Each structure stands twice: as structure tokens, then as C-alpha cells.
Amino acid sequence: MGKSTTGKGEDSTLLAVDDMRAAARRSRQNGDEEPRLGGRQADPAALRAARPIPEPQPLTTHGPARVLALCNQKGGVGKTTSTINLGAALTEYGRRVLLVDFDPQGALSVGLGVQPHQLDRTIYDVLMESAVTLDDVLLKTNVPGMDLVPSNIDLSAAEVQLVNEVAREQTLARALTPALPDYDLVLIDCQPSLGLLTVNALTAADGVVIPLECEFFSLRGVALLIDTIEKIRERLNPRLHIEGILATMYDSRTVHGREVFARVVEAFDDTVFDTVITRTVRFPETTVAGEPITTWAPSSSGAQQYRALAKEVLAR
Ligand code: ADP
Ligand code: MG
């Protein structure tokens, strides 16, 4: 699946928002005070999670890497958390993974225990100076098989400086090309905007993973994001497709969470990963710890969910 982006996304998303607004009004008129559910009503996420996912085949050789951009112009939806934990989970299946921090905030680097402001050279230098290669800035992480290209606030200048470059949208793709034979997957953690850096990430990518928080307002930006992806596919990168929409911060106990998830599935169907990431305080903890949940709390539901996501990504 996923070779083309979904065509019905935009209309369905808008419809979903209208429907949900009407449902919320009805609920208020009926005086429904308690928006929490017990286990009586079917949990739409549990139904999908029950669908089997094939076990990944072991690899005997590595590369060339498939490049995935984790992208959503909304902040705080789980892009960085998903990049770290999907990456770590993929290494458990013997995959070599390169994580690219492509957000000047450097949260991906911090989440892996790196102090980005102390770095002399980052992805910024790779983009701006042809003499600096990925190898010059690459860091090993504490997860065997997973490397990191860090970033820091310097990268915010690239957005402005790249504007005057020839083939400015292909700068990241060019920089990544020499590394592709060494890895099985490259995951790019995008910044929360649809600016030139994100366009670079989408031009370098084969697929887009869209983390989507299970909240009402999250649906609004998705149509614009899909529109952007389609434009980039037409104009810059014919390989680009939506790898999948990942529901994050899911809370099955609330009507709201269940409804948003059901609407997302209604609108995007099998583009939505069966794996759903539930809301748990374990994720903020891992950021403080500077390591993935798969090593911080290996048997937690969060770790298991990212392992299931890794299997799904390898099956797609
Ligand atoms: P983004 O990169 O899209 O801005 P992050 O991955 O940084 O989003 O997540 C935003 C915040 O939410 C972080 O503090 C993170 O620890 C937290 N978070 C991410 N996923 C979850 C989750 N499933 N449950 C609870 N908190 C989460
Ligand atoms: Mg982030």
C-alpha cells in the first residue's frame, strides 16, 4: 500500500470536523456530563491492533536505505518521540538506522542524550559547506545499530541561507545520498512547519509518516499537509508517498479520543497504521533519561507499540 497519497483526505477531514462539532453539541444538549467510557463500547483502536502484522525477515545484507520523513506542521504531536522510538525498535529487528535531526530545536538530539549546543558541527554544516560530509557530524547513539545526525539552533539560519542556492530543495537529499548504502532506514525528524527545511526533508524522502495527535484540532492541518506532499511529489520528488498516518497520544477512555480516531480511520482508511500510540507519562520520562522507551522501559506498552509500528513499517 501507500504508493500514492489518498485522494479523499481533504473532503473527509473537513466532514469529520463538522460531524464531530455536531456530536459535541448534541452531547452538551443531552447533558452528558461524563465523557469517559468504561470498556463496554468497542475501542476502535483495539479492534485494529488485533489485526496480525507479519514478523520481519532477518537481513543478511544492509542498504540501500528507505528514507522516511516524520512530518506534521503542528508541534507536539509526537514526531520526535516517534523518530527515536521507531528507530530504536527497528534496530531490534536487525535494521541499521540513521536518525536525522532536522529541527533547529534539536529535540531529537537531546532525546538521545546529546547536548546540541555543545556541538561544533551539525547537519547545518553539511548543508551549507560542501567540504563537510555526513560522516564528519555523525554520532553513534547508545542504541547499537542506530546513528544520529544532530542539529542545533544553527539550522534555523539554513532556512534563510538556502533560499539563494541552486536546487535549494534538494540540498538534504544530496547530503544523504552517500550514506544510503550503509543503512536500512533513514528517519528524518522534521520541524513543525512546512517551510524550506521540511520541503528538503520531503524531497529527500521515499515516504512520509504523519504522526497525528488524537485531538479534535489535529485534523485541521492534515489537509494542508497532504496538499503539500502532493505538490512535492508532482514537482520535486515523484517517489514520495504517504507511508502512513500514526495516531499518537491516544486515550481510549475518553469518547473524544475514540471519536477522533474513528474519524481518522474513516477519512484515511488503511493509510492509518493499525498500531496506535497511547498517551503515557513514560514518554516525557524518556526525554529526561535521554534514551528510547524500548531500553528505558522495555516491557511497557509504549515500547511494545513502537515495536508493532516497526513491524508495520517493515511490512509496508
Ligand atoms: P513533536 O516532535 O511533534 O513536537 P514530541 O515527540 O516532542 O512532538 O512530543 C511532544 C511532547 O509530548 C513531549 O514532551 C513528549 O515527551 C510527549 N509525548 C510524546 N508522545 C507521547 C505519548 N504517547 N504520551 C504522552 N506524552 C507523549
Ligand atoms: Mg519535534
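What counts as what
Residues numbered from 1 in each chain as written. Chains lettered and ligands numbered in written order. Predicted model: local features only at pLDDT ≥ 70, side-chain atom pairs only at ≥ 80, totals over all residues. Helix = DSSP H or I, 4+ residues; strand = E, 2+ residues; numbered from the N terminus. Buried ≥ 20, exposed ≤ 12 C-beta atoms within 10 Å, placed from the backbone. Near = placed C-beta within 6 Å. Pairing = 2+ DSSP bridges. Right-handed = clockwise from strand over helix to strand, strands pointing away. pLDDT = per-residue confidence, 0-100. Contact = placed C-beta atoms within 7 Å.

### Here we look at unusual backbone geometry
Reasoning step 1: Going from Gly63 to Pro64, the amide bond is cis rather than trans, its omega being -10°.
Reasoning step 2: In this fold, Pro64 is placed in the loop between helix H2 (44-49) and strand S1 (66-70).
Reasoning step 3: Even without glycine at this site, Met249 takes up a positive phi of about 55°.
Reasoning step 4: Its location among the elements puts Met249 in the loop between strand S7 (241-248) and helix H11 (255-268).
Reasoning step 5: Residue classification places Met249 among the buried residues on the basis of 21 C-beta atoms within 10 Å.
Reasoning step 6: For Asp269, which is not a glycine, the phi torsion comes out positive at approximately 55°.
Reasoning step 7: Looking at the element boundaries, Asp269 is found in the loop between H11 and helix H12 (282-289).

### Notes on the site of ligand 1
Reasoning step 1: Near ligand 1 lie 17 residues; those nearest to it are Lys79, Thr80, Thr81, Phe283 and Pro284.
Reasoning step 2: Those elements that provide at least two residues to the shell around ligand 1 are helix H3 (79-92) and H12.

### A word on the pairing of S7
Reasoning step 1: Most of S7 is tucked away: eight of the eight residues are buried.
Reasoning step 2: When strand S6 (residues 207-213) meets S7, the two strands line up parallel, connected through seven bridges. Counted as the bridge partner of Leu212 is Ala247 from S7.
Reasoning step 3: As a crossover connection, the stretch from S6 through helix H10 (residues 222-235) into S7 is right-handed.

### Overview of the confidence of the model for the protein
A low pLDDT means the predicted coordinates there should not be read in detail.
Reasoning step 1: Of all residues in the protein, 87% have pLDDT values of 70 or greater, and the mean over the chain is 90.
Reasoning step 2: Low pLDDT (under 50) marks residues 32-40, which in the prediction has eight contacts with non-local residues, meaning those over four places away or in another chain.

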